[in-house]
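# Tertiary structure, described
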Amino acid sequence: MDGPPCDWTTSLSLKAPFRRCEVWLCRKQRCWRRLAAVGRVAAMASGTGLIYSEQMMSHQLLWDFPACSIEIPERLSAPFDKLKQYGLVERCIQLPVREAIEEEIILVHSLEYLKAVKSTASMNVEELKSFSYKYDDVYFHPNSYHCATLSVGATLQLVDAVMSGRVRNGMALVRPPGHHSQKNDACGYCIFNNVAIAAKYAKQRHGTKRILIVDWDVHHGQGTQYIFEKDSSVLYFSWHRYEHQQFWPNLKDSDYDAIGKGNGAGFTINLPWNKVGMGNADYLAAFLSILLPMAYEFNPELILVSAGFDSVVGDPEGEMCATPECFAHLTQLLMPLANGKLCVVLEGGYNLRSLSESVCMTIRALLGDPVPPLVGQMAPCISAVETIQNVTAVHQPYWKCLKYHEGIIIKDPRLKKLNCCTEEHNFESNITTTEKEITMLSKEKQDFDEFMDSHMKKVLVLTPSVRTAWAGDEVKSAKLDKCLKVEAKKTFSSAGILLSAGDTAELENKIILPSLGYIFPLIDKIAKREVRNGIVVAPSLSSSVVAAQYSITVGLSRVLLLVLGDAEIPDDVKADEKILVVNICGKQKEKGRNNYFIPICWKEGNECDGDLLHATFELILPVAYEHRPELVIFALGDNTGIQAVTLAHLTHLLQLLAEGRILVMTQASDLVATLTSSLLGDPLPSIRSFVLNQENAFVLMKLTQELNQHWKLLPKSVH
Ligand code: Q9C
Ligand code: ZN
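Residues numbered from 1 in each chain as written. Chains lettered and ligands numbered in written order. Predicted model: local features only at pLDDT ≥ 70, side-chain atom pairs only at ≥ 80, totals over all residues. Heavy atoms only, no water.

Glancing now at the site of ligand 1. As a matter of local geometry, ligand 1 sits amid 14 residues, with Asp137, Gly188, Asp310, Glu317 and Tyr350 nearest to it. Between ligand 1 and Gly188 there is a distance of 3.0 Å, counted from a nitrogen atom to a backbone nitrogen or oxygen. Note that an oxygen atom of ligand 1 is positioned 3.1 Å from one of the side-chain N or O atoms of Asp310. Coverage of ligand 1 by the protein chains reaches 84% of its 410 Å² of free accessible surface. The class makeup of the residues in the shell around ligand 1 is five nonpolar, five polar and four charged. (Near = heavy atom within 4 Å. Polar contact = N/O pair within 3.5 Å; in protein donor to acceptor, adjacent residues only side chain to side chain. Areas by Shrake-Rupley, 256 points an atom, 1.4 Å probe, with all protein chains shown as cover. Nonpolar A, V, L, I, M, F, W, Y, C, P; charged D, E, K, R; others polar.)

Let us now look at the coordination of the zinc ion (ligand 2). Every protein donor of the zinc ion (ligand 2) is accounted for by Asp217 (OD), Asp217 (OD), His219 (ND1) and Asp310 (OD), and the metal-donor separations fall at 2.0 to 2.6 Å. Between consecutive donor residues of the zinc ion (ligand 2), the sequence gaps follow D-x1-H-x90-D. Residue Asp217 is located in the loop between β4 (211-215) and α10 (222-228), and its partner Asp310 is located in the loop between β7 (302-307) and α12 (325-334); the two are separated by 93 residues in the primary sequence. (Donors = N, O, S within 2.8 Å, 3.2 Å for Na, K, Ca; no water. Helix = DSSP H or I, 4+ residues; strand = E, 2+ residues; numbered from the N terminus.)

To continue, consider the packing of aromatic side chains. How two aromatic rings sit relative to each other is given by the distance of their centres and the angle of their planes. A complete count under the given rule lists 28 aromatic pairs for this structure. With a centroid separation of 6.2 Å and 90 degrees between ring planes, the pair formed by Trp63 and Tyr133 is classed as edge-to-face. On the criterion of sequence distance, the pair formed by Trp63 in the loop between β1 (48-51) and α4 (74-85) and Tyr133 in the loop between α7 (125-132) and α8 (144-163) is long-range, its members being 70 residues apart. For the pair Phe237 and Trp239, a centre-to-centre distance of 6.1 Å together with 70 degrees between the ring planes defines the contact as edge-to-face. Relative accessible area serves as the criterion here: at 0%, Trp239 is assigned to the buried category. If you follow Arg364 out to its NZ or CZ, it ends over the ring of Tyr86, 4.5 Å from the centre. (Phe/Tyr/Trp six-rings, centres within 6.5 Å; stacked < 30°, edge-to-face > 60°. Buried < 20%, exposed > 50% of the residue type's maximum accessible area, 1.4 Å probe, protein only. Lys NZ or Arg CZ within 6 Å of the ring centre and 35° of its normal.)

Here the focus is the sheet that holds strand β9 (residues 466-471). Here eight strands make up an open sheet; going across it, the order is β10-β9-β11-β16-β15-β12-β13-β14 and the pairing parallel. Strand pairing shows two members of the sheet lacking a second neighbour, β10 (484-485) and β14 (597-601), which therefore form its edges. Where strand β13 (residues 579-585) meets β14, five bridges bridge the pair, whose relative direction is parallel. Note on β14: the bridge partner recorded for Asn583 is Pro599. Across the sheet, helix α24 (residues 672-679) lies against β9, β11 (531-537), β15 (631-636) and β16 (662-666), angled at about 175 degrees from β11, the strand it touches most. (Pairing = 2+ DSSP bridges. Contact = heavy atoms within 4.5 Å. Axes fitted to C-alpha atoms, helices over the stretch in contact; angles between N-to-C directions.)

Interhelical geometry of helix α13 (residues 352-367) versus helix α16 (residues 445-459) gives an angle of 15 degrees and a closest axis separation of 11 Å. Judged by the inter-axis angle, α13 sits roughly parallel to α16. Where α13 crosses over α16, the handedness of that crossing is left-handed. Contacts from Arg353, Ser354, Glu357 and Met361 in α13 reach Phe448, Asp449, Met452, Asp453, Met456 and Val459 in α16. Taken together, the residues of the contact of α13 with α16 sort by class into five nonpolar, one polar and four charged. (Parallel < 35°, antiparallel > 145°, perpendicular 65-115°, else oblique. Left-handed = near helix turned anticlockwise from the far one by under 90°.)

Another aspect to go through is the pairing of β7. For β7, a buried count of six out of six residues is recorded, marking the element as mostly surrounded by other parts of the structure. Pairing geometry for β4 and β7, over five bridges, is parallel. In the strand pairing of β7, Ile213 is matched with Leu304. Of the pairings in the sheet, the one linking β7 to strand β8 (residues 342-346) comprises five bridges and is parallel in character. The residue bridging Val305 from the neighbouring strand is Val344, located in β8. Viewed along the sheet, the connection from β7 through α12 into β8 turns out right-handed. (Right-handed = clockwise from strand over helix to strand, strands pointing away.)

Remember, this is a structural readout, not a statement about activity or role.
Shown next as C-alpha cells:
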C-alpha cells in the first residue's frame, strides 16, 4: 500500500450516513484495500434494498366511502407475495422500517397539521369521518397516524441506505401513499408526503445538491409540485391522466404550462395525458424526448421515484394500456443517472394483479436482470405527440437539450373529440395483442387475469447464467476477471460465403479473418442464451458488419448494428431490412441512405459527447425500439473522440434492447475496462457537461424529420 495511511478506524465508528464521505477520503489516501479487507465498506455500492412491513396494513377504511374504497391493505401484501413467488425477495437486501420523527415530518408539513393528524389516533369512527371529510378523498383510521409515520420512515431508511452506499438502489413498499399530500393538507389517500420529505431529508442529512423526482403515478402529484415549485435543486417530473382538466384533481396547475415559479421556473415538468389508453410507446416517447434529455442535463445526485402503478393496464383509476414490463424499461432508463442511486417508493396502483406484476418488473430492473422487449406498436398516439410537443415548447427557454426542437404550442380542438387514443393508431402491426384488445379485456376481471397470465408467460425472459463474456487476444483489464473467456475456433467454413459482400481485399490480407475465429463463437453463445453480452477487441470495423451478417445466419431475426467511426458498409447490408445500421461518422457518407441504413454525419473536430447522447434519445433508441432487434452490435472505431464515460452510458442504454443481448466490438483496447464495467451492470459515473453543437443538432433534426414517416417513435410535430 502506498501513500500515507488514514485513520480508517475512526471513520468506521461514525454513523451510517457519514461513512460514504469517509470512503472517498480514504480512497484519496489509497487505503482502499485495507478498507475493503475489513469488509465494512464496499468499493462500489451494490445490491437492491427492499423495505416492507405488514404493520402498514392496519390503515384501512372503516365506513362506506366509495371514493376511497380502492385504497385497501392488500395493496401492500399482494406485491410482496408476488415478489416472494418469483424468488425476488431473497435476492434483495431487506431493510427494516422505522417511524419518522416529528422533526423529519415538519421538513415539509406544518406542526399544526402534524398535531392534527396525530390527534386522529384517539378518535372514534364519527370523529374520524368528520376529520376525513375536511380533505379531498382521504380517510383516517386510528392507526393511520402510525402507518403514515412508518411510511415516511421506510422511505427515509431507503434514502439512508442508498446515500450511504449500503445498497445501490431499492424500493420501499409503503402505505399510505404521499404525493398528493401538502404542507397543511391530506389529499387523495395521502397523509404525509413521503417522497417530498425524503428529498428535503437527503438535502439536509446527506448534502444532496440536485434531486430528480420522477412521478409515474397516473395522478398528478400536485402536493410534491407545490412543495418544490420554487426550488431549482429538485427537478419534478409528473405525467398524469388529465383529459383537459376533466380528471381528478381537476387542476389548472397540472397542465403542461405549470413549469415552476421564481428560481424554480423550468424545474417542474408536467406531462398531461389528454386521452386514456396511453401505452408503452407513449410512455417511452415521453421518457426519450422529454425526461431523459432533461435529466441528463440536470445531472441529479439522487433519484426518487413516486412509483404509482395506477398507470398500468387494468387499473380502474388510470385506464391506461402500458404493460408491466414497461416499468422495467422506465427503471433501467433511469439507472445510469445519479451513479445508480435510485429510490423507488410506492404511491398508487389499484389493480392488485397489475400492481404486483409491475412491482416485480421494477425490482428485476433494479437487480440488473434483462428487461423483456416491449409489446405493442411502437408508435405514440397523436394526443401524446401533442402533449410532448407542448411540454417541449414551454421548457425550451430553460433547457439546452430542447433548443433544437419544434417549439410551437398545439391546441387543436379536433383532438379533444376522440375518446381513446388507441383508435388513432392506424399502423400495421405484427403483434397479436393489440392495445385495443388489452383495453377490452381489462373490463372483466376473469378475462383480465387470463390476459395477464398469458402476457406474463410471453414476456418473462430467461436470464443467461453468465452475464459477460470476452474473447480474443489477452487484454489487460481486471474487469475481465469477472467475465467468461470464450475460446477461439481455428477454422469455420461459413465465413467465406458471408464475406462475399465485405471488403475482400482486407479479408484476404487476413486482418479480419483471425478475429472472426473468436467473434463467431461469442455470437453463438449469446444467441443460445448461454451468455447475456460480450466484448471483443476487433482489429477493424468491417468485422462488425460480418458479425451482423453472421448473426442472421445463426437464426436471429433482426440485428441493430451501431457503428461509431468511418466504416465501409456494403450495399447489400445497407439494403437488408433485417440489419438496421446506424453509422455515426465524420466523413460525408450519405450515399445509399435508406430506412435501414442511417448514417449520421457529423462535423469533425467537434466535442461530440452531448451530441451523441442527444442522438441516442432522439434517434438511435427510438428506431432501435421499433426495429426490435434480437442482438445489438456496438462497434467502436479507433479514435471516436467520445469520452469513455459517455460510451459506457450508451452501452448501458443499448442493453434495454434485445433482452440485453449486446456484443461490443472496440478497436481501442483502452476502452475495455470501462465498457466491460457497463456490460456487467456496474453503476456509472455521471456525465458532467451537456454541450450540444448547433450544426450537429441540425443534422440530427433533419434526419429525424426525414425518417419519421417510417419510424413512428421518432420525434415529430403535429400541425
Ligand atoms: N373514483 C393515489 O393514487 N379520487 N391517489 C378517487 C375514485 C382520488 C389517488 C376517485 C384518487 C387518489 C396515490
Ligand atoms: Zn395515483
